[in-house]
Structure formats: C-alpha cells, structure tokens
Amino acid sequence: QNNMNLEEVIQMTPQLQEFRRADAGFQQFCDLYKRAIADPALRQEYHQWCLDRMREEGMRDAAIEEGREEGREEGREEGREEERVDTAKRLIAKGFTDDVVVEIAKLTLDEVQALRE
C-alpha cells in the first residue's frame, strides 16, 4: 500500500529484524528478494507474470460462473419437463383424451402415448 520494499518494512519493524536474525530461511529470502528487485528486467518479468496470472484467474472464474448458470438453466428446463409429464399423467389418470393431454401438458402425441403404456 505504501510502495515500500521488503527491506524498508524490515528496517521499521523491530520484530521482523529479530526474526530475520533468528531465521536463516527468512534471511535467505530477503537476500534473494534484494537481488530480484535490483534487476529491472526481472521486475518486469515478474510484473508480467502477475498480470498473466490475474488474467487466467479471471478467465477461470468467469468460466466457472458460466458453467453454474448453464447448470441452473438446465435444472429449470428439467423441472419444467417433469412438471409437464406429471400434468400429463394426472390428466391420463382422470380419463382425458390424448388430444386434450397434448394441448394442456404441452407434450407431443408420441410422448403422451408412451405415458399410457
């Protein structure tokens, strides 16, 4: 947020200074970080990698949301189809003719006749 590099943050935080002295792995990270930020080409490469990564994550998130929406729409259509079949079965059970069942349930004549079998 303040555009400070790692060394600046460590210098103003006594706890981090102590941690760096006590932890060899953190010291190694700090040394590598200093070398990396000293090279403008490497900084640019890292910046581009971050942008690419954000773009890929955005594309992935959009694809996931699109898949969810398609799944919801498929579920709605399946529900409507089940409702039409249930309506047709009730009408058949009450003795309505195939023509009436087709008209009310919005199924094809073949579908209604298959329900009668």
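Residues numbered from 1 in each chain as written. Predicted model: local features only at pLDDT ≥ 70, side-chain atom pairs only at ≥ 80, totals over all residues. Heavy atoms only, no water.

Asks: Which residues make up the side chain of Asp98, and what values do they have?
Replies: Counting through the fold element by element, Asp98 comes out in helix α5 (residues 98–105). Of note is the side chain of Asp98, whose polar atom sits 2.3 Å from the side chain of Arg116. If we ignore the near neighbours within four places in the chain, the residues touching Asp98 are Leu109, Val112, Gln113 and Arg116. (Helix = DSSP H or I, 4+ residues; strand = E, 2+ residues; numbered from the N terminus. Polar contact = N/O pair within 3.5 Å; in protein donor to acceptor, adjacent residues only side chain to side chain. Contact = heavy atoms within 4.5 Å.)

Asks: Now, about the packing of aromatic side chains: what can you tell me, with residues and values included?
Replies: All told, the structure shown has four aromatic pairs when counted by the stated rule. Ring geometry for Phe26 and Phe29: centres 6.3 Å apart, planes at 20°, overall stacked. Of this pair, Phe26 and Phe29 both sit in helix α3 (residues 24–38), three residues apart, which is roughly one turn of the helix. The class for Phe26 is buried, based on a relative accessible area of 15%. Given a relative accessible area of 44%, Phe29 falls into the partly exposed group. Three or more aromatic residues joined by ring pairs make a cluster, and in this case those are Phe19, Phe26, Phe29 and Tyr33. (Phe/Tyr/Trp six-rings, centres within 6.5 Å; stacked < 30°, edge-to-face > 60°. Buried < 20%, exposed > 50% of the residue type's maximum accessible area, 1.4 Å probe, protein only.)

Asks: A description of a negative patch on the surface should follow, citing residues and the corresponding values.
Replies: A grouping of Glu66, Glu70, Glu74, Glu78, Glu82, Glu83 and Asp86 is seen on the molecular surface, where their side chains present a negatively charged patch. Here Glu74 shows up in helix α4 (residues 40–93). (Patch = residues over 30% accessible without salt bridge, like charges linked within 9 Å, V, L, I, M, F, W, Y side chains within 5 Å. Areas by Shrake-Rupley, 256 points an atom, 1.4 Å probe, with all protein chains shown as cover. Salt bridge = Lys/Arg side-chain N within 4 Å of Asp/Glu carboxyl O. Lys, Arg positive; Asp, Glu negative; His and termini not counted. Charge placed at Lys NZ, Arg CZ, Asp CG, Glu CD.)

Asks: A description of the packing of α3 against α4 should follow, citing residues and the corresponding values.
Replies: Orientation of α3 relative to α4, taken along the N-to-C sense of each, is 95°, at an axis distance of 5 Å. Considering the angle they form, α3 stands roughly perpendicular to α4. Counted together, Ala36, Ile37 and Ala38 of α3 and Pro40, Leu42 and Arg43 of α4 form the full contact between these two elements. Tallied by class, the residues present in the contact of α3 with α4 amount to five nonpolar, no polar and one charged. (Axes fitted to C-alpha atoms, helices over the stretch in contact; angles between N-to-C directions. Parallel < 35°, antiparallel > 145°, perpendicular 65-115°, else oblique. Nonpolar A, V, L, I, M, F, W, Y, C, P; charged D, E, K, R; others polar.)

Asks: Could you give an account of the packing of α5 against helix α6 (residues 109–116), with specific residues and numbers?
Replies: With their axes 9 Å apart at the nearest point, α5 and α6 run at an angle of 115° to one another. When you trace α5 past α6, the crossing you get is right-handed. Between α5 and α6, the residues in contact are Asp98, Val101 and Val102 and Leu109, Val112, Gln113 and Arg116, respectively. For the contact of α5 with α6, the per-class residue count stands at four nonpolar, one polar and two charged. (Left-handed = near helix turned anticlockwise from the far one by under 90°.)

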